[in-house]
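Understanding the architecture of this molecule
Single-letter residue listing:
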Amino acid sequence: MQNPNTTKILFVEEDELIFEFKKCIAQALQKTDKLELFYAQDATEGLRLLEKEQPDVIVLDDTLNEECELFLESLSPLHPPVVLQIEGKQKTKIGKSDNLNCVKKDESLAGIHSILITATNIALRNNQTLPQ
């Protein structure tokens, strides 16, 4: 049974090493926030984990453009919010929706901390607006 105070974040990105680094940072944040992170290397694995783990928020890496498009096109209408990490000021070709939030990709320590906080806040805000 999942702890209701835990935020589940699914990362769909190419670099598993960066994901492991994010997990280490998340563990350091455990004093204040309960985070559970999941990793998918592509859209197919991401969709499988989405169904199995039911994350509160999804973080996509826009450098996997075709995978992002496939993933987003395959989502049900009631999917959790998505955070799309984009390089610098580049324009994304992926369509916008109410549940899609674009943020600048930053793999520095501060950037990873920021994406964890951003994803958590978006998940919490979404959970507060869901009907009980």
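Placed above this text is the structure.
Going along each chain's sequence as written, the residues are numbered from 1 onward. Only residues with pLDDT of at least 70 get local features here, since the model is predicted, and only at 80 or more are side-chain atom pairs given and counted; chain-wide, interface and lining totals rely on the full set of residues. With hydrogens and water stripped out, all remaining heavy atoms of the structure feed into the side-chain values.

Let's talk about the packing of aromatic side chains
For any two aromatic rings, the description comes down to two numbers: the centre-to-centre distance and the angle of the planes. Basically, it comes down to this: Here the aromatic set is Phe, Tyr and Trp, taking the six-membered ring for Trp, and pairing holds for ring centres within 6.5 Å; pairs whose planes are under 30 degrees apart are stacked, those over 60 apart are edge-to-face, and all others are tilted.
Here the structure, examined in full by the defined rule, presents two aromatic pairs. Each member of the aromatic cluster is reached from another via a ring pair, and the members are F11, F19 and Y39.

A word on unusual backbone geometry
Both trends apply: most residues other than glycine have a negative phi, and most peptide bonds are in trans. As a reminder of what qualifies: The helix count covers DSSP runs of H or I at least four residues long, the strand count covers runs of E at least two residues long, and both are numbered beginning at the N terminus. Partly exposed describes any residue whose relative accessible area lies between the buried limit of under 20% and the exposed limit of over 50%, with all areas from a 1.4 Å probe on protein chains only and scaled to the type maximum.
Despite not being glycine, Q54 has its phi angle at roughly 50°, a positive value. Mapped onto the fold, Q54 is located in the loop between α2 (43-53) and β3 (57-61). We classify Q54 as exposed; its relative accessible area is 58%.

Points about the nonpolar core
Let me state the cut-off plainly: Residue types Ala, Val, Leu, Ile, Met, Phe, Trp, Tyr and Cys, when buried and joined through side-chain atoms within 4.5 Å, form a set referred to as a nonpolar core. Residue contacts follow a heavy-atom distance rule, with two residues in contact if any of their heavy atoms lie within 4.5 Å.
Within the largest apolar cluster, 18 residues are counted, with the highest numbers of intra-cluster contacts made by I9, F11, L37, V57, V59 and L116. Among the secondary structure elements, those contributing two or more residues to this core are β1 (6-12), α1 (16-29), β2 (34-40), β3 and α4 (109-129). When residues in this core are grouped by element, the largest group, six residues, is from α4. Setting aside chain neighbours within four positions, we find F11 in contact with F19, K22, L37, F38, Y39, A40, V59 and L116. Within the second largest apolar cluster, 16 residues are counted, among which are F38, A43, L50 and V82.

Worth remembering: the numbers are spatial, not functional.
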